[in-house]
Amino acid sequence: MTDLTPPATRPANPRFSSGPCAKIPGYSLAMLNDAPLGRSHRAAVGKAKLKEAIDLTRDILGVPSDYRIGIVPASDTGAFEMAMWSMLGARPVEMLAWESFGEGWVTDVVKQLKLDAKVKIAPYGQIVDFAAVDFDADVAFTWNGTTSGVRLPNGDAIPAARKGLTLCDATSAAFAMNLPWDKLDVTTFSWQKVLGGEGAHGMLILSPRAVERLESYTPAWPLPKIFRLTSKGKLIEGIFTGETINTPSMLAVEDYLVSLKWAQSVGGLSGLVARASANARVVWDFCAANAWLANLAENPATASTTSVCLKFTDPRITDGEGFAKAVAKRLEKAGVAYDVGAYRDAPAGLRIWCGSTVETADVAALMPWIAHAFHSEIASQAAAV
């Protein structure tokens, strides 16, 4: 194969979007036939489905038995906003960010809640120094930067004896990375990321310390109904047994259940972590073999295994943003990779979702196509000059 000859092998599934993400292998709508459509979520069948979703989530992620798990509105955004609006303000706050969504949480805390938070922001490709964080304050952060491809490698820097709460947006980490539950007080994620579920529903996981905060602290600001987790000073326990705050989609619930049961079939959390790691390794090895492409993450220890973000480094490229968009367009036009352009606020490049529902063979098949698109666009650029 010459640089400009299209590769012979194509990914069987070209869906590499970072959200909504690829459905589970072999997915079909027939898998949703058991969904109780047209039935109330308050009926026995609806409650049973919602409780099963919570129970399977706990089992697969290894969430401690004394942690609460709730299904809440508005995806991961709703879950994290709910936590911030309900719990922050009782202690000093530190906001940590190393990508656009983390910076969004900073904006909400500083400009909407108007808290005098200490803000630490790392540039794309880097991560905040956790050794410099005061965990006697409440600390909010994303575990994995979906738009930067940089993740927290572990929870070692978070002290067990902290006085503050840790609020972790784990939406592109849950089910693909090991999360240290003893270091996390509030954890949120959405169904449409690692397990490829449908959007609009979020998961809120609370430690006993987080529950204590909810029951002992009343924020100075009014709370919308969908943010209220307590009633008369006590946790609304029904939220954490499947009695949702508003009406859930039972079709989306069924889809999540199908994904959870698939996760069990591939070895549970360890199997899911291994799949994502194998996928990312293919991309990392490709970068190592091609000097014109590099991981946006500067430290391999913090490189994401789900949202792998890449940057072009060839000196012949004069318009980085235009070049990256052209490469992504070539990949989509060829039908080998959809939605792989960098996030709009991130540095120019590509973003390849390598989460657990993606097959390693598809990632491997995509790599020669990236080379083909790169060399084709370089040739096109040279011809234009």
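Relevant structure appears above.
The notes below deal with the structure included here. What you see is a predicted model, and the numbers here were worked out from it, not measured in a lab. (Residues numbered from 1 in each chain as written. Predicted model: local features only at pLDDT ≥ 70, side-chain atom pairs only at ≥ 80, totals over all residues. Heavy atoms only, no water.)

## As for unusual backbone geometry
Right, on to step 1. Here Gly19 and Pro20 are connected by a cis peptide whose omega angle stands at -5 degrees.
Right, on to step 2. When you line up the elements, Pro20 lands in the segment before helix H1 (44–61).
Right, on to step 3. Positive phi outside glycine occurs at Phe175, with the angle close to 80 degrees.
Right, on to step 4. Counting through the fold element by element, Phe175 comes out in the loop between strand E5 (166–169) and strand E6 (186–190).
Right, on to step 5. Positive phi, close to 90 degrees, is recorded for Ala200, a residue that is not glycine.
Right, on to step 6. Examined against the element boundaries, Ala200 turns out to sit in the loop between E6 and strand E7 (201–206). (Helix = DSSP H or I, 4+ residues; strand = E, 2+ residues; numbered from the N terminus.)

## Overview of the sheet that holds strand E11 (residues 307–312)
Right, on to step 1. Here three strands make up an open sheet; going across it, the order is E10-E11-E12 and the pairing antiparallel. Here the strands that pair on one side only, and so sit at the sheet edges, are strand E10 (293–295) and strand E12 (350–353). Within the sheet, the average angular offset between the axes of one strand and its neighbour, ignoring direction, is 35 degrees.
Right, on to step 2. The sheet contact formed by E11 and E12 spans four bridges and is antiparallel. Directly across from Ser307, in E12, lies its bridge partner Trp353. (Pairing = 2+ DSSP bridges. Axes fitted to C-alpha atoms, helices over the stretch in contact; angles between N-to-C directions.)

## So, the nonpolar core
Right, on to step 1. Counting 93 residues, the largest nonpolar core has Phe141, Trp143, Phe175, Phe312, Leu331, Leu366 and Ile370 as the members making the most contacts within it.
Right, on to step 2. With ten residues, helix H6 (residues 268–289) is the single largest residue contributor to this core.
Right, on to step 3. Residues contacting Ile370, with those up to four places away along its chain left out, are Phe286, Trp292, Leu293, Leu331, Leu350 and Ile352. (Core = buried A, V, L, I, M, F, W, Y, C linked by side-chain atoms within 4.5 Å. Buried < 20%, exposed > 50% of the residue type's maximum accessible area, 1.4 Å probe, protein only. Contact = heavy atoms within 4.5 Å.)

## Concerning helix H3 (residues 100–112)
Right, on to step 1. Under the 1.5 Å per step criterion, the end-to-end length of H3 is 17 Å for 13 residues, consistent within 8% with the ideal 18 Å.
Right, on to step 2. Among the residues of H3, those classed as buried are Ser100, Gly102, Trp105, Val106, Asp108 and Val109.
Right, on to step 3. The distance from a side-chain oxygen at the start of H3 to the backbone nitrogen of Phe101 is 3.3 Å, and the residue carrying that oxygen is Glu99.
Right, on to step 4. Two residues or fewer past H3, Lys114 is found with a positive phi of approximately 60 degrees. (Expected span 1.5 Å × (residues − 1). Polar contact = N/O pair within 3.5 Å; in protein donor to acceptor, adjacent residues only side chain to side chain.)

## Overview of the pairing of strand E2 (residues 93–97)
Right, on to step 1. Burial analysis of E2 places five of its five residues in the buried class, which makes it a mostly covered element.
Right, on to step 2. Side chains Val93, Met95 and Ala97 of E2 all project onto a buried face; the interleaved residues Glu94 and Leu96 project onto the opposite face, where all are buried too.
Right, on to step 3. Judged from the three bridges that link them, E2 and strand E4 (residues 138–142) form a sheet pairing that is parallel. Following the sheet pairing, Glu94 is matched in E4 by Val139.

## Comments concerning the pairing of strand E3 (residues 118–121)
Right, on to step 1. Two elements, E2 and E3, share four bridges in a ladder whose sense is parallel. The residue of E3 that forms the bridge with Met95 is Val119.

## What about the packing of helix H7 (residues 320–333) against helix H8 (residues 360–384)?
Right, on to step 1. The geometry of H7 relative to H8 is characterised by a closest axis approach of 9 Å and an angle of 125 degrees between their N-to-C directions. With respect to H8, the element H7 is oriented oblique. Our pair here, H7 against H8, has a crossing hand that is right-handed. In this structure, H7 contributes Phe323, Ala326, Val327, Arg330 and Leu331 to the contact, and H8 contributes Leu366, Trp369, Ile370, Ala373, Phe374, Ser376, Glu377, Ile378, Ser380 and Gln381.
Right, on to step 2. Of the residues assigned to the contact of H7 with H8, the class counts are ten nonpolar, three polar and two charged. (Parallel < 35°, antiparallel > 145°, perpendicular 65-115°, else oblique. Left-handed = near helix turned anticlockwise from the far one by under 90°. Nonpolar A, V, L, I, M, F, W, Y, C, P; charged D, E, K, R; others polar.)

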